Amino acid sequence: MDLLVIPLGIVCLWGIRLNRKEFIEDYLSVKHTKALRGILVLLVVLGHLYKDADRGMLHLLFSNIGTLCVVVFFFLSGYGLQKRFAQSPGYEKTILTRRIPGILLPFLLLVPVYWGLYAWTGSPYTVGETLESLVTGDPIVRFGWYTLCQILLYLVFFLAALAWGRRPGAMPLGVLAGTALLALVLY
């Protein structure tokens, strides 16, 4: 298991360059964070593999790094969403139609695939259990909770944009309050 870290490290460091000449103004732009987001995704996958394997010298590190990676990924996604909202008038009208289909459609395509795999391995789900799993936060799609959380956070952002709109300072506070309320409801 620990041997997977070597190719992962090589992939993550491939093409890295140090910039000593200038300060990058838009260091949190999509262009500059794309590689970081890819590394975060790889670390989350590696973390899941370590948890499943439950062994290795690096087990303690990698089996616990996933939460931090998800938090940073959510931060980058939220930052980009807020920045785009602040720069593009009327963006709130397109949040649901632009952001959610890109994550919901692949997820919905995976539901029947997982449903078939569970039936094939002798652990079938009924249609009712499958639908219920989408509401309980533990979908039959493995680690699908992440997709459901991302959709709910987009909905929080959308509602905050409708409620507080373009008032400086109110929008981030609205998103924070909505996220806290969502966390309480989900808890």
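Please refer to the structure placed before this passage.
Definitions and cut-offs
- Residues numbered from 1 in each chain as written.
- Predicted model: local features only at pLDDT ≥ 70, side-chain atom pairs only at ≥ 80, totals over all residues.
- Heavy atoms only, no water.
- Helix = DSSP H or I, 4+ residues; strand = E, 2+ residues; numbered from the N terminus.
- Buried < 20%, exposed > 50% of the residue type's maximum accessible area, 1.4 Å probe, protein only.
- Contact = heavy atoms within 4.5 Å.
- Core = buried A, V, L, I, M, F, W, Y, C linked by side-chain atoms within 4.5 Å.
- Phe/Tyr/Trp six-rings, centres within 6.5 Å; stacked < 30°, edge-to-face > 60°.
- Expected span 1.5 Å × (residues − 1).
- Arc of directions from axis to C-beta.
- Patch = residues over 30% accessible without salt bridge, like charges linked within 9 Å, V, L, I, M, F, W, Y side chains within 5 Å.
- Areas by Shrake-Rupley, 256 points an atom, 1.4 Å probe, with all protein chains shown as cover.
- Salt bridge = Lys/Arg side-chain N within 4 Å of Asp/Glu carboxyl O.
- Axes fitted to C-alpha atoms, helices over the stretch in contact; angles between N-to-C directions.
- Parallel < 35°, antiparallel > 145°, perpendicular 65-115°, else oblique.

Draft legend 1. Highlighting the overall build of the protein chain. When its secondary structure is counted, the protein chain shows seven helices and zero strands. Counted from the first residue to the last, the protein chain has its helices and strands arranged as α-α-α-α-α-α-α. Once the C-alpha set of the protein chain is aligned to its principal axes, its extents read approximately 55 × 50 × 25 Å. By residue count, 27% of the 187 residues in the protein chain fall in the buried class. In the protein chain, 65% of the contacts between residues at least 6 apart in sequence involve partners at least 24 apart.

Draft legend 2. Representation of the environment of Leu 8 within the structure. With respect to the helices, strands and loops of the structure, Leu 8 is situated in helix H1 (residues 5–13). When its relative accessible area of 13% is taken as the criterion, Leu 8 is described as buried. C-alpha separation for the pair Leu 8 and Leu 42, spaced 34 residues apart in sequence, amounts to 7.7 Å. Among all residues touching Leu 8, those that are not within four sequence positions of it are Leu 42, Leu 43 and Leu 46.

Draft legend 3. Just the nonpolar core, in detail. Grouped together as the largest cluster of nonpolar side chains are 13 residues, with contacts concentrated most on Leu 40, Leu 43, Leu 46, Phe 62 and Cys 69. Contributing elements (two or more residues each) for this core: helix H2 (30–53) and helix H3 (59–87). The element best represented in this core is H3, accounting for six residues. Not counting residues within four places of it along the chain, the set of residues in contact with Leu 46 comprises Met 1, Leu 4, Val 5, Leu 8 and Phe 62. Phe 157, Ala 160, Met 171 and Val 175 belong to the second-largest nonpolar core, a separate cluster that totals twelve residues.

Draft legend 4. Focus on the packing of aromatic side chains. What the rule picks out here adds up to seven aromatic pairs. When the centroid spacing of 5.0 Å and the interplanar angle of 65 degrees are considered together, the rings of Tyr 118 and Tyr 125 count as edge-to-face. Overall, the relative accessible area of 30% leaves Tyr 125 in the partly exposed class. An aromatic cluster is built from Phe 73, Phe 74, Trp 145 and Tyr 146, whose rings are joined through pairwise contacts.

Draft legend 5. Structural detail: helix H7 (residues 170–186). Given a rise of 1.5 Å per residue, 17 residues ought to cover 24 Å, and the 24 Å separating the end C-alpha atoms of H7 matches this to within 8%. Three or more residues of H7 are buried, namely Ala 170, Met 171, Gly 174, Val 175, Gly 178 and Leu 182. For H7, the angular spread of the buried residues around the axis is 130 degrees, confining them to a single face. Away from its buried face by more than 90 degrees, H7 exposes Leu 173, Leu 176 and Leu 184. Check the buried side of H7 and you find it contacts H3 and helix H6 (145–164).

Draft legend 6. Local environment of the environment of Asp 2. In this structure, Asp 2 sits in the segment before H1. Taking the C-alpha atoms as reference, Asp 2 lies 5.9 Å from Gly 56; in sequence the two are 54 residues apart. Apart from the residues lying within four places of it in its own chain, the contact partners of Asp 2 are Tyr 50, Gly 56, Met 57 and Leu 58.

Draft legend 7. View of a nonpolar patch on the surface. Among the surface-exposed residues, Met 1, Leu 4, Val 41, Val 45 and Leu 49 lie close enough to one another that they form a single nonpolar patch of about 380 Å² accessible area. Mapped onto the fold, Leu 4 is located in the segment before H1. Judged by relative accessible area, Leu 4 falls into the partly exposed class, the value being 40%.

Draft legend 8. Inspection of the packing of helix H4 (residues 95–120) against H6 at higher detail. Here H4 crosses H6 at 170 degrees, and the two axes come no closer than 10 Å. Classed by the angle they form, the pair H4 and H6 counts as roughly antiparallel. Seen from H4, the contacting residues are Ile 95, Leu 96, Arg 99, Ile 100, Ile 103, Leu 104 and Phe 107; seen from H6, they are Thr 147, Leu 148, Gln 150, Ile 151, Tyr 154, Leu 155, Phe 157 and Phe 158.

Draft legend 9. Spotlight on the side chain of Thr 147. Its location among the elements puts Thr 147 in helix H6. Given a relative accessible area of 16%, Thr 147 falls into the buried group. Aside from chain neighbours lying at most four places away, what touches Thr 147 is Ile 103 and Phe 107.

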